[in-house]
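This is what each chain is made of:
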Amino acid sequence: MPKKNNIKSNKKFQTSSGIEIHRVYPEEKHEKEEPGQFPFTRGIYNNMYRGKLWTMRQYAGFSSAEKSNERYHYLLNQGTTGLSIAFDLPTQIGYDSDHPLAEGEVGKVGVAIDSLEDMEILLNEIDPEKVSVSMTINATAFILLAMYIALAKKKGADLSKIRGTIQNDILKEYAARGTYIYPPGPSMRLITDVFEFCNHSLPKWNTISISGYHIREAGANAVQELAFTLANAKAYLKAASNRGLDIDQIGQRLSFFFNAHNNLFEEIAKFRAARRMWAHIASDMGIRNPKAMMLRFHTQTGGSTLTAQQAKNNIARVSLQALAAVLGGTQSLHTNGFDEAINLPSEEAAQIALRTQQIIAFESGVADTVDPLAGSYFIESLTNEIEQKANDYLKKIDQMGGAVRAIEQGFIQNEIARSAYQYQKQIEEKQKTIIGLNAFKSDEEIINPSVRIDESVRKDQCRKIVQLKAKRNNNIVTQKLETLKQAASTDENLMPLVIDCIESYATLGEIADNLRAVFGEY
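These lines cover the structure that appears in this document, whether it is placed above or below. Every chain is numbered independently, its residues counted from 1 as its sequence is written. This being a predicted model, a pLDDT of at least 70 is required before a residue's local features are given, and a value of 80 or more before pairs of side-chain atoms are given or counted; all residues contribute to the totals for chains, interfaces and linings. With hydrogens and water excluded, all non-hydrogen atoms of the structure serve as input to the side-chain values.

### Here we look at the overall build of the protein chain
Put simply, DSSP H or I for four residues or longer makes a helix, DSSP E for two residues or longer makes a strand, and each gets a number counted from the N terminus. When helices and strands are counted, the protein chain shows 20 helices and nine strands. Against the compact-globule benchmark of 24 Å for 522 residues, the protein chain has a radius of gyration of 23 Å, which places it among compact chains. Once the C-alpha set of the protein chain is aligned to its principal axes, its extents read approximately 95 × 55 × 45 Å. For the protein chain, the residues scored as buried account for 57% of the 522 residues in total. We compute the radius of gyration over the C-alpha atoms and compare it with the globule rule, which gives 2.2 Å times the number of residues raised to the power 0.38. The buried label goes to any residue with under 20% of its type's maximum accessible area, the exposed label to any with over 50%, and the partly exposed label to all in between, with areas taken from a 1.4 Å probe on protein chains only.

### Overview of the environment of Ile281
Here Ile281 is to be found in helix 10 (residues 264–284). Using a relative accessible area of 10% as the deciding quantity, one classes Ile281 as buried. The spacing of Ile281 and Phe228 is 53 residues in sequence and 13 Å in space, taken between C-alpha atoms.

### With respect to the packing of helix 18 (residues 474–487) against helix 19 (residues 495–503)
In this description, a line fitted to the C-alpha atoms serves as the axis of each element, helices being fitted only across the stretch in contact, and the angle between N-to-C directions of two axes falls anywhere from 0 to 180 degrees. Contact geometry of helix 18 with helix 19 gives a least axis separation of 9 Å together with a crossing angle of 160°. Between helix 18 and helix 19, the angle is such that the two are roughly antiparallel. In terms of crossing hand, the pair formed by helix 18 and helix 19 is left-handed. For the pair helix 18 and helix 19, the contacting residues are Lys480, Leu481, Thr483, Leu484 and Ala487 in the first and Leu497, Val498, Asp500 and Cys501 in the second. Looking at the contact of helix 18 with helix 19 residue by residue, the classes come out as six nonpolar, one polar and two charged. In this scheme, roughly parallel covers angles under 35 degrees and roughly antiparallel covers those over 145, while 65 to 115 is roughly perpendicular and the rest are oblique. Here is the rule for handedness: rotate from the far helix to the near one, and if that takes an anticlockwise turn smaller than a right angle the crossing is left-handed, while a clockwise turn gives right-handed. Residue contacts follow a heavy-atom distance rule, with two residues in contact if any of their heavy atoms lie within 4.5 Å. Charged residues are taken to be Asp, Glu, Lys and Arg, nonpolar residues to be Ala, Val, Leu, Ile, Met, Phe, Trp, Tyr, Cys and Pro, and polar residues to be all remaining types, Gly included.

### Topic: the sheet that holds strand 2 (residues 82–86)
Note on sheets: strands pair through backbone hydrogen bonds, and any given pair is parallel or antiparallel. At least two bridges found by DSSP between two strands are what make those strands a pair. Read from one edge of the open sheet, nine strands run 5-4-3-2-1-9-8-7-6, paired in parallel fashion. On the outer flanks of this sheet lie strand 5 (205–206) and strand 6 (208–211), each paired with one strand and no other. Here helix 12 (residues 313–327) sits on the sheet in contact with strand 7 (254–260), strand 8 (297–301) and strand 9 (332–334), set at roughly 165° to strand 8.

### Considerations on the side chain of Asn343
Secondary-structure assignment places Asn343 in the loop between strand 9 and helix 13 (347–362). In contact with Asn343, other than residues within four places in its own chain, are Asn448, Pro449, Ser450 and Val451.

### What to know about the packing of helix 10 against helix 12
Contact geometry for helix 10 and helix 12: axes closest at 8 Å, N-to-C directions at 30°. It follows that helix 10 is roughly parallel to helix 12 by the angle criterion. The hand of the helix 10/helix 12 crossing is right-handed. Only Leu320, Leu323, Ala324, Ala325 and Leu327 of helix 12 make contact with helix 10, whose side of the interface consists of Leu264, Glu267, Ile268 and Phe271. Partitioning the contact of helix 10 with helix 12 into residue classes produces eight nonpolar, no polar and one charged.

### Structural notes on the environment of His99
Residue placement: His99 occurs in the loop between helix 2 (89–92) and helix 3 (116–122). The spacing of His99 and Gly509 is 410 residues in sequence and 8.4 Å in space, taken between C-alpha atoms.

### Here's the deal with a positive patch on the surface
The residues that make up patches have over 30% relative accessible area and no salt bridge, and they are joined within 9 Å when like-charged or within 5 Å when they are Val, Leu, Ile, Met, Phe, Trp or Tyr. Per-residue and other accessible areas follow the Shrake-Rupley method at a 1.4 Å probe size, with only the shown protein chains counted as cover for residues. Each salt bridge in this description consists of a side-chain nitrogen of Lys or Arg and a carboxyl oxygen of Asp or Glu lying within 4 Å of one another. Counting rule applied: Lys, Arg positive; Asp, Glu negative; His and chain ends not counted. Charge positions are represented by NZ for Lys, CZ for Arg, CG for Asp and CD for Glu. On the surface, a cluster of positive charge is contributed by Lys52, Lys161, Arg163 and Lys204. With respect to the helices, strands and loops of the structure, Arg163 is situated in the loop between helix 4 (141–154) and strand 4 (164–166).

### Comments concerning the pairing of strand 7
In the case of a regular strand, side chains alternate between the two sheet surfaces. Within strand 7, seven of the seven residues are buried, leaving the element largely enclosed by the surrounding structure. Burial of the side chains of strand 7 extends over both faces: Leu254, Phe256, Phe258 and Ala260 are buried on one face and Ser255, Phe257 and Asn259 on the other. Relative to strand 7, strand 6 runs parallel, the two being bridged by four bridges. The residue of strand 7 that forms the bridge with Ile208 is Leu254. Summarising the sheet, strand 7 and strand 8 pair through five bridges and their orientation is parallel. Each residue of the ladder has a partner; that of Phe257, found in strand 8, is His298.

### Digging into the environment of Ala218
Among the structural elements, Ala218 can be located in the loop between helix 7 (213–217) and helix 8 (222–242). Assessed through its relative accessible area of 30%, Ala218 is described here as partly exposed. Separated by 86 residues in the primary sequence, Ala218 and Ser304 have C-alpha atoms spaced 8.5 Å apart. In this structure, Ala218 is in contact with Ala176, Ile416 and Ala420, ignoring residues within four places of it in sequence.

### Some thoughts on helix 10
Between the first and last residue of a helix there are one fewer steps than residues, each counted as 1.5 Å, and that sum is the expected span. For helix 10, with 21 residues, the first-to-last C-alpha span of 31 Å sits near the 30 Å given by 1.5 Å per residue. Helix 10 sits mainly inside the fold: 16 of its 21 residues count as buried. Downstream of helix 10 by one or two residues, Gly286 has phi in the positive range, about 105°.

### Quick word on the packing of aromatic side chains
Here a Phe, Tyr or Trp ring, Trp counted by its six-membered ring, pairs with any other such ring whose centre lies within 6.5 Å, and the pair is stacked when the planes are under 30 degrees apart, edge-to-face when over 60, and tilted otherwise. According to the stated counting rule, one finds 17 aromatic pairs in the structure shown. Ring centres of Tyr174 and Tyr522 lie 5.0 Å apart, and the angle between their planes is 70°; this geometry places the pair in the edge-to-face category. Taken together, the residues Tyr174 in helix 5 (residues 171–177) and Tyr522 in the segment after helix 20 (508–519) connect sequence positions 348 residues apart. With a centroid separation of 5.7 Å and 70° between ring planes, the pair formed by Phe258 and Phe297 is classed as edge-to-face. Taken together, the residues Phe258 in strand 7 and Phe297 in strand 8 connect sequence positions 39 residues apart. Exposure remark for Phe297: the relative accessible area of 2% places this residue in the buried category. Through a chain of ring-to-ring contacts, three or more aromatic side chains come together here, namely Phe256, Phe258, Phe271, Trp278 and Phe297.

Laid out in structure tokens, this is it:
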């Protein structure tokens, strides 16, 4: 008989959220629910990927509209099934490329879009009825959506058929990211304007992508990411209800955006808990439409987990994170390029990132059955623990008066900062091992950036703006902008007026500035 291994270890095993991991797990009681049934722990569709794979939606956008359009066509030719647009910082905070504050930032972290003219170039030869487009944009989301609508109309598209998403999640900007313009009140008004307009005019458009991704990137752990995202979702649903909108209708077009980090099982359990929690939250808030109780989400692999040291190790990290998203039941997925800790993804890195998804989809077999880890004592226990800890946070936030008040009081920001500090401390003290960074180092040099954006992009954008203003009818533009400005002081829905401004070729900065004059800046 072999001897039993009686070696005892004092090492403590726990997830990123501090949940203790036991040596083994006893049988865990769990609901014997079917996928596609309330509360959707096992997935929102009964057949999941057996019926249709997740959308492979690669996030891309850099430099000029021309360069980004080339990358989109490359990705579509390589098998991407949806586009996801990254905008530069000036576009995100409502400045045209010729604004003094835009200097040094034009085209750097995304594509520069100043007008409908740029949008026409950006999506040249891309059919809005056939390709769904996601736009990662928040403070100026209503303006970029107006541009997309104006473009679709020019192409003769049926607005009732176009599919896509705008992030449009301003609360996480106040809490974790910082690309806001207006105070919370006007910002929430603009978001509900979008809800109301799309409910009537773009029935298949996702009007908001409530983002835990950036909360996690700022340093939150998995439980905090889930709790703060759902707290924000409750605030948006309440704002829609206060506006008099039908939340059974609005709820169908809410979508979510989560991070996939390195702890495989914790991430899978987080996604399962998210669906169950949202189903109960939606029901408790008065939603009766089962489709509005379904948490549909996009996932992006963790940007903050990428290392510049031994950059090709990131291919393995991204593969594990993508696997967690698929096993967790995501509806669409972006996989990061291995070189994104150094520069915008090169063409090689973008191809490997997409191929990672395709190998999981077509070679691994994990998509052949629904919720394959259901019934695992560990997964079921972890799902329950994450749900309980996230609900504890939600109770605290509710007691403060909801997400907006919790952000105004600094509670959410402080919790994220505390978690970020703890995580960094664990890395520096080597309590947490990061391969190539604090363990298994090598003399390999950090690779030099292969994708560079220089100031020529800004010069070209400024030239375009001068040419645009010379050929458009400036009297009409001034009139349209003044009408928008006057309406901003009323309860009128601003979306139709913003579309009017866009169609007259008013720039993004002109629209944002006219609203700054009414709403002020935060």
